Amino acid sequence: MTFKSRYHIPYLGAGLGLRAPHYPDLLQPNAGVSWLEVISENFMLDGTQSVHRLDPFLERYPIIPHGVSLSLGSVDALDKSYLKTLKKVINYLNPPWFSDHLCWAGYGGAHLHNLLPLPYTADIAAYVADKIRYVQDEIGRPFLIENVSSYVEYLDSQMPEWEFYAMVAEKADCGLLLDVNNVYVSARNHQFDPMTYITALPQDRVVQYHIAGHLDKGTFVLDSHDHPVRDEVWALFAQTVPLFGDVSLMIERDDHIPPFAELKAEMDHAQEIYTQAKVSATA
Amino acid sequence: MPQPDPPQLLQDVQAWFSRLRFAANAESQAQWMDQADQFLTASTTMSARERLDVYVTDYWPRCLDSLADDFPHLRRFLGERDFSNWMIRYLESCPSRSYSLYYLPTQLPQFFDENYHHADRAFVLGLLRYEWAVAQAGFVAQKPAFSTQGLSESEKQSLASRRFTFQPHVFIEKFDYDFQLWIDKGTAKKTKKSQTHLLIFRVAAEVKITVISAVQWQLYTYLKQGSTLATAIELAIKSAPENDLIALETQLSTWMSEAMQFGIWVA
């Protein structure tokens, strides 16, 4: 039985990240968005009371909590108080899955407020997988890990990122949130073929796509989430879609948030590419 | 299920990177940057050190921007350069311990109290406390509010002996300066001393800043310290000047109903 069928993972279609400037638009009837993703921590600040701010959206949309602070790869133990609050938020939202990043974000109790890549070794894959299992046991819902964009590679890595990503997912028995833009960014920064990365992933574990914009800084590419999706990422997305089954997709934009109509048009474009790629694959 | 022990390689990488990341200036960063080649590879376009720098340069602006958002008026008073210097000193001394940048200033009042000894110390410490209260009122917990609805008759009769707990987002503050007036004027100069009492709290998603009288501040302070309503009133009467005493007698019921209306007490 595959990961998706075992956990009855639904296909949600095309969604957007919930951002304050778009609240009124998303509360209009027929906003044309199938689901929303929220940053989990934004609704954990006041002991979960703020999660009620999502009530009007929860009446209309499935809401998927996406975290940035689990810090699965940190040598620090998982923060049990954080997990307890996260569980309350998740239970309230009742999502079909939740997600965070395959990275580390703090050390010695201090937070670095960034998503930092890990050295890719079997030991570290096993360590992170154990932590993911712990998280899944605590929360009791299907969990996805997202690949982060990166700008450094470690001398002591024993395998490419895609092998590490797949190994962690298999050992932890979790799903994958495949950020297509992050694959592109890391591929440019580390000179690998992005399709080598994507074809190496376990097909049945890919549950969700992130698509976002980036900045080309000349000597490297920066994952900025503040620009429209670039053509090279659309092209990579079109190549990705036929490899996996039904996978929910969403557009991420964190800065320079455009008007709703503009972001919605980008989401519709993603949906068109997705549909076209599926049709072409079956033809 | 126990949490696993981390591999040594992770310990080494993260200890090194964290020391580098929390070093605020080029001089203190240098010794850690010099170790880049021991941990990282170069690419065809960038050295290991240049690649590392992408992460290092990102941390300080992110934290400083967050603090600037929370303390816009302190920033205006101190000026851009001094504000940044003080915040960098603070972050070096007190790295972020929360998953959220909202909590970045948690130790800032204490840090300034211990380290800021200029002539305008009282003004700066007061302004910092004012802006931090306003910021916290915007995001800390809202618990179910106390209401007299649903209370039995005997419970209503015994309200005087009740101890009231304020919502975590309620701040009962006394300042030696009228910061609201100073902010409205938009001046960068320190204002004259003028004692003000403020009630800072949140209703729905909006932070409200209300000027209260000295006696109301005293009454709420006694309540916050754990006195029953009857004791708090008694103590406030004892400490109030005669003019305020009249206000206490005539406005007590108004304050009580406003407190109920705005839900500032926890059920």
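Conventions adopted
Residues numbered from 1 in each chain as written. Chains lettered and ligands numbered in written order. Predicted model: local features only at pLDDT ≥ 70, side-chain atom pairs only at ≥ 80, totals over all residues. Heavy atoms only, no water. Helix = DSSP H or I, 4+ residues; strand = E, 2+ residues; numbered from the N terminus. Axes fitted to C-alpha atoms, helices over the stretch in contact; angles between N-to-C directions. Parallel < 35°, antiparallel > 145°, perpendicular 65-115°, else oblique. Contact = heavy atoms within 4.5 Å. Left-handed = near helix turned anticlockwise from the far one by under 90°. Nonpolar A, V, L, I, M, F, W, Y, C, P; charged D, E, K, R; others polar. Salt bridge = Lys/Arg side-chain N within 4 Å of Asp/Glu carboxyl O. Buried < 20%, exposed > 50% of the residue type's maximum accessible area, 1.4 Å probe, protein only.

S.K.: Looking at this structure, I do not really get the environment of B:Glu80. What am I missing?
M.R.: Mapped onto the elements of the fold, B:Glu80 is located in helix 6 (residues 80-93). Separated by 12 residues in sequence, B:Glu80 and B:Ala68 have C-alpha atoms that sit 9.4 Å apart.

S.K.: Sorry if this is basic, but what is going on with the packing of helix 7 (residues 108-115) of chain B against helix 8 (residues 121-139) of chain B here?
M.R.: For any two helices packed against each other, one specifies the crossing angle of their axes together with the interaxial distance. All names here are of chain B. Interhelical geometry of helix 7 versus helix 8 gives an angle of 175° and a closest axis separation of 10 Å. Considering the angle they form, helix 7 stands roughly antiparallel to helix 8. The segment helix 7 lies against helix 8, with Leu 108, Pro 109, Phe 112 and Asp 113 engaging Arg 121, Val 124, Leu 125, Leu 128 and Trp 132.

S.K.: I'm lost on the packing of helix 4 (residues 80-93) of chain A against helix 5 (residues 122-139) of chain A in this one. Help?
M.R.: All names here are of chain A. For the pair helix 4 and helix 5, interaxial distance at closest approach is 10 Å and the crossing angle is 50°. In terms of their interaxial angle, helix 4 and helix 5 are classed as oblique. Seen along the crossing, helix 4 lies across helix 5 with a hand that is right-handed. Here Lys 80, Leu 83, Leu 86, Lys 87 and Ile 90 of helix 4 come into contact with helix 5, specifically with Tyr 134, Val 135, Glu 138 and Ile 139. Residue classes in the contact of helix 4 with helix 5 are distributed as six nonpolar, no polar and three charged.

S.K.: How do you make sense of the pattern of salt bridges when you look at a structure like this?
M.R.: Where side chains of opposite charge bring their charged atoms close, a pairing between them can arise. Residues and elements named next belong to chain A. Using the criterion set out here, one finds 17 salt bridges over all chains in the structure. In this structure, Arg 19 and Asp 254 form a salt bridge, with 2.6 Å as the shortest nitrogen-oxygen distance. Note that Arg 19 is positioned in the loop between strand 1 (14-17) and helix 2 (23-26) and Asp 254 in the loop between strand 12 (248-251) and helix 10 (260-282), a separation of 235 residues in sequence. The buried category is assigned to Arg 19, whose relative accessible area is 12%. A salt bridge links Arg 230 to Glu 232; its shortest N-O distance comes to 3.1 Å. Linked by salt bridges that have partners in common, Arg 6, Glu 170, Asp 173 and Arg 205 make up one network.

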